[in-house]
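Observations on the model geometry
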Amino acid sequence: MIEIKNVNFKYGGEEGPGDGVEDINLTIKTGEVVVLCGESGCGKTTISRMINGLIPHFYEGEFEGEVLIDDYNVSKHELCETAALVGSVFQNPKSQFFNVDTTGELTFGCENLGMSREEIGKRFAKTVTDMKLEALLNRNIFELSGGEKQQIACGSVYATEPQVFVMDEPSSNLDRKAIRRLSDILKKMKALGKTIVISEHRLYYLMDIADRFVYVKNGRIDREFTCEELRNIPEEELFALGLRSTAIENLKPRTENDYSEKTPSVEVIDLTCSRQNARIIDIDRIVLPKHSVVAVIGDNGCGKSTMAEALCGLIPSSGSVAFNGAYLNDKQRRKKCFMVMQDVNRQLFSDSCLEEVMLNATQDEEEAKKTLEKLGLLEYADRHPASLSGGQKQRTAIAAAVLADKDILFYDEPTSGLDRLGMERFGNILRDMKNDVAVSVIITHDPELITHCCTHVLHLERGRVIGFYPLDEEGVERIKGYFLSPSDDNTSKKRDKRSSVGKILGYAGKHKLSIFFAFLLMTIGAMASIVPYVGIGELIRRVIEAKSVTLDNSLTIVAGVVIAEVIYAIFYMLGLIVSHHAAYGTLENIRKTLQEKMEKLPLGFVMNKGSGEIKKLFTDDVESIEALLAHMIPEGLANLCVPVIALVILVAIDWKLALLTMLMVFIGISVSRQMYTVGMNKMGSYFAAGKRMNNAIVEYVNGMEVVRVFNRQKDSDYKYEKAVNEYRDYALEWYRVSWPWMALYKSVFANIVLYSLPFGALFVLLGQMSISNYILALMISFGTGPMLLHCMSFIGAVPQVSYKIEALESAMDSVPLKTMEEEFAGSDNTVEFRDVHFSYKDAEVIKGVSFTAAEGETTALVGMSGSGKSTLAKLLVHYYEISGGEITIGGQDIRSMSLDALNERISFVSQSVFLFNKTIMENIRMGRPDASDEEVIAAARLAECDDFIMELRDGYQTMAGSAGGALSGGQRQRISFARAILKDAPIIVFDEATAYVDAENEKKMKRAISEITRDKTVIVIAHKLKSIENADRIVVIDNGRIVGCGKNDELLGNCEEYRRLWNLNEATQDWQLKKEAQI
Amino acid sequence: MDFDICVDDSGAILKLDPRTKLVMFLTSSVASLTCYSMENLLIYGIVLCVITILCGKKWLGVKSLLIFLFLIFFRYEIVTSGKGSAAIGGLLTSLITIFLFFFPVFMSLMLITQTTRINQFLAAFDAMHMPNIVVIPIAVMFRFIPTVAQEWDGIRKAMAFRGISLEPWAIIRSPLKTIEYILIPLLFSSISIMEELAAAALARGLDSGNNRTSYETVKFRAVDYLVTFMFIGLAAFFIIGRKGL
């Protein structure tokens, strides 16, 4: 039990946000969860500090009264004793950890309490499992995101197992997953009978945990609420109390927002950004409309801040960013952008507020004062920025940005730790300023802020954009869905820091040794290639030293030269053979891995990529790695090694000459490096333009028919031309910056001799060097020059190869489907959709669909085209990953099944039937590969295929490729029925399977269908309502929602949408009949 | 010079006690001050690099060893060739010599920071019965190196938005102004971090006197004795050798 008795406290000096608290009397029973709430600076943090003893031991001031935990007087005892009883979690994740590594931090508290090693080990293990921290172990805390840090902070307190937990705004830096996890942790602690005191602004996640809410105002305890009372307080009254929303569900869109503005302001294409070799951002395209306020949401560590920094041009990235139609480079972007950082202390540089905003203002002081007034800062104009409160500092930074004429403003979690008033004030500022700047981008985890002032939402996941939508009614629903969706898996992964070359070498496996061997062989070869030069040098020396050169005494040298040449040729060639073996072996491994990964990807994702791109990936991109493995690594390294050895020899011959040569090579390398980075910067745009051109060409070719029919050549040509021109410009731009570099390295490295020649001559003249050494040095330079040149030409190719490797890497690390290896374990074959949500790119296609398709019944899904009924079927067979809810078969979630197990349960008969270029027999056998010929034929009979197959030239042995043209749509359909009959899966999905039915086929088709569907769970997606009017259940879908469900007659009575569909159907049938009658 | 702080030492073949590393650091300092013979230095440097490699820092060890060997070779060539301008030769030799003699100190320091986790450090200090008043500041120092780096990174970004240039020319033109722009935000944010950190550490019982335990196992094993004796022996040999001069 915690008792705070008659406590008064006044801060001495300038500690804490408020002045202190008066007359606090509070009793908290053991096992109770109490939330302290109230406006910023009301004194709730002060109360929490009294419980953990920081007041009066750390924050000094006038303290009266006493704080008791049971019989233990907190204010009298030392802090270190209190630490065993009270565990504290603080607001700022940055400044509450003491260690650099996570493991050390988790054990830190226990160590301080003097526990034995075994005990610490036990608690450490328990903490890690209880709080799901496995992914965070053995990591550098400085590399973690704020939410991850906060998890570690909670964990390290949890490990000490105190009686009382005191938390000071623990959620202020957390994303929704982390908040949910925090709330789970709190529940667990509560269940263990711990007493928890939380001082907090965000209330919604505490509503079903807290026992009491203590409302603090102006340093006094003002009121107390129970959960129920607080929940029933209307939004307006909450606002008056300065409290945040108690439920996300209550958030409403602001009706006055205007979404009509469609003019693109910022356009981002192919933005990628890597940090320490790990790709963090991979964005195809985003367009931000003018005067929009865009909320960037996504879980911690998904790349939100990195994206903002890349857009600002702060960190290197590739791709193109256009503002008002003009492409900007990093430097120009820095001029246009401004970011209000989360830690605003870092960006205040001047002595006074006014000076601060005038620092690089384009307007005069009058204007500055006006802006300050608008932001409520005028009275602080002369104050030192450091003396302002957090919110005031933030506004100072905003004022500085506006006055410096910045067009794009970024805010990094601006409302973390703000109370209601602060959040709304900030939101209002954003709304007011909306038209002064082109685009505002807010990175936030605060759903209240988003609904308060944002116009659009950009949703990131794993560095990719998974949705960009306006914040209208529907958008608000999606936002709520996002913040409310349960998810407890810890996605934080240790980033793979290997360089792309390292990753590729990882695929080499056993071939790595071969590559090393090839390197050795080539090094020997390359060394041998210098020997002839040295031999010739020796001959020349003899001539110069006026010795007689006869065949006899020079024979050994000549022989040596010949042998060296032979060794060079043989070893180099052997090296190349070995390296090529290794390279193609590795390519094989990579292609296999690619294929394995591809199989685990959502089928929808693979289809969207298009066969062209996948083909390019498997052939061209993979092939480009051959150059790296077969040439660059072994050959390049060998060619680099030998000059280094030569340099060492050169030092032995004459260190001065060696020093000069080193100096020249060093200058050469640093210049080329400079050029290399410049070239690299342009590389991204060049490749992006290439990709755009490819897309334009594909579109041009695909759309040719439509274009010609509707006579739209002009538009299409224009688009095509633009893409081609752009490609030309970027390519030329790239070459333009790369040319001088190429020219330079060629001249620098080809002619190392040029430097050694004059200097060496000088040394000889000065008598510093013997002529024989001079000749030797010259010859070595001659020998190594070509190698360096060779080496540099490889370096020139590195950007291209590494770009392709990156493309490969990014394709390989797409999110795979969530499947587990479980077998089917459901009770029966009833299919149930439970509140299923699915978003495809920017649009939410399925919005909370729930229905059951019982075993032995036929369930029909009907609706207009594009209503989402086909998507539902595809979700059932796990072509795509659902974004919310669950789909179960006999009570088992399909995500827990392996794809094989799922496929065994379901036959999917779709409207488009693909026949492989095999015999008809084999094509039917696809349904069940171990079926005998007789079984296949029996299935074909049941599917009414037998007749027409026998009419084919070779019967069942006809190749489907050649017969393909001869088969009608209905016939192909029936082949697919035969497959399904053969497979005999308990669940059957017909996706518009009767699309090709004509009068002649219809009867046969019906018979076939009834054959397949006997005693099965049948889901039919149909356009023709006539064909499903006898279904056991008809589910009417409109715009991703269920609008009616029942039997035909009921629906005709009570479902308007169904009636409309029915009438439409009737009308088309009439139309067909009339047409036939006319004929 | 790279003083990255270690968080994961699982890649090491040879796991030395932090105390051994401290001994290595001490003997390296002694060696730097007393070793007057290149041969001795050569042996010392090679041993040090090999231990670095064994401790899991392969690239660092190999790179340092190559540079070290090359410089010794280069110096040898200059000294023995006896040709060339005496001024340049002398200058180069002395520069290289200074570097070579400091090499053991640098190397052992990098070995300490890059292969020891802070917790191991604290545990080792505890095992040596060091008072908290010595241990805690050292721990805080380690904690603060990356903090300052992070703050500096943020400030640099903020400066880019404000058009405050960090180009050499701008710094030369107004050095005081630049220092002010760097120091003010750095100090203010460091102060606030420091204070919150102190509060957090105290609330978690850091000042609990001398009964702090450690989860880390630090134990002087056979290898540690071997390495310690080897380095002390080397240092002793250098000192005796010097007396003999």
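The rules we used
- Residues numbered from 1 in each chain as written.
- Chains lettered and ligands numbered in written order.
- Predicted model: local features only at pLDDT ≥ 70, side-chain atom pairs only at ≥ 80, totals over all residues.
- Helix = DSSP H or I, 4+ residues; strand = E, 2+ residues; numbered from the N terminus.
- Buried ≥ 20, exposed ≤ 12 C-beta atoms within 10 Å, placed from the backbone.
- Contact = placed C-beta atoms within 7 Å.
- Core = buried A, V, L, I, M, F, W, Y, C linked by C-beta atoms within 7 Å.
- Axes fitted to C-alpha atoms, helices over the stretch in contact; angles between N-to-C directions.
- Parallel < 35°, antiparallel > 145°, perpendicular 65-115°, else oblique.
- Left-handed = near helix turned anticlockwise from the far one by under 90°.
- Nonpolar A, V, L, I, M, F, W, Y, C, P; charged D, E, K, R; others polar.
- Expected span 1.5 Å × (residues − 1).
- Pairing = 2+ DSSP bridges.

1. Describing the overall build of chain A
For chain A, the count of helices and strands is 36 helices and 30 strands. Split into buried and exposed, the 1079 residues of chain A put 44% on the buried side. Considering only intrachain contacts with a sequence separation of at least 6, the fraction spanning at least 24 residues in chain A is 76%.

2. Remarks on the nonpolar core
Counting 93 residues, the largest nonpolar core has Val35, Leu36, Ile51, Val197 and Val214 of chain A as its most contacted members. At seven residues, helix α8 (residues 175–203) of chain B tops the list of elements feeding residues into this core. Excluding residues within four positions of it along the chain, Val35 of chain A makes contact with Ile198, Glu200, Leu206, Ala210, Phe213 and Val214 of chain A. Ranked by size, the runner-up nonpolar core spans 76 residues in total, among them Phe338, Leu354, Phe426 and Cys454 of chain A.

3. Describing the packing of helix α2 (residues 38–54) of chain B against helix α4 (residues 86–115) of chain B
Residue and element names in this part refer to chain B. The contact between α2 and α4 brings their axes to 10 Å, and the two run at 20°. Viewed along their axes, α2 and α4 adopt a mutual orientation that is roughly parallel. Read as a crossing pair, α2 and α4 show a hand that is left-handed. Residues Leu41, Tyr44, Gly45, Leu48, Cys49 and Thr52 of α2 pack against Leu100, Phe103, Pro104, Met107, Ser108 and Leu111 of α4. Among the residues making up the contact of α2 with α4, the classes are represented as nine nonpolar, three polar and no charged.

4. Brief notes about helix α19 (residues 511–544) of chain A
Its 34 residues place the ends of α19 of chain A 50 Å apart at the C-alpha level, agreeing with the 50 Å of an ideal helix rising 1.5 Å per residue. Following α19 of chain A by one or two positions, Ala546 of chain A adopts a phi angle in the positive range, close to 60°.

5. Here we look at the interface of chain A and chain B
Across the contact, 56 residues belong to chain A and 50 residues belong to chain B. Counting residues per element, the side of chain A that touches chain B draws most heavily on helix α4 (residues 102–112) of chain A, which supplies six residues. Its residues assigned to classes, the side of chain A that touches chain B shows 28 nonpolar, 19 polar and nine charged.

6. Details of the sheet that holds strand β1 (residues 2–11) of chain A
Pairing is antiparallel across the open sheet formed by four strands, whose spatial order is β2-β1-β4-β5 (chain A). At either margin of the open sheet sits one strand with a lone partner, and together these are β2 (20–28) and β5 (72–73) of chain A.

7. Thoughts on the sheet that holds strand β24 (residues 884–889) of chain A
Residues and elements named next belong to chain A. Strand order in this open sheet of four strands is β22-β21-β24-β25, and the pairing throughout is antiparallel. Two strands lie at the open edges of the sheet, namely β22 (843–853) and β25 (892–893), each paired on one side alone. Bridge analysis of strand β21 (residues 831–840) against β22 gives eight bridges, and the strand direction is antiparallel. Counted as the bridge partner of Phe833 is Phe851 from β22.

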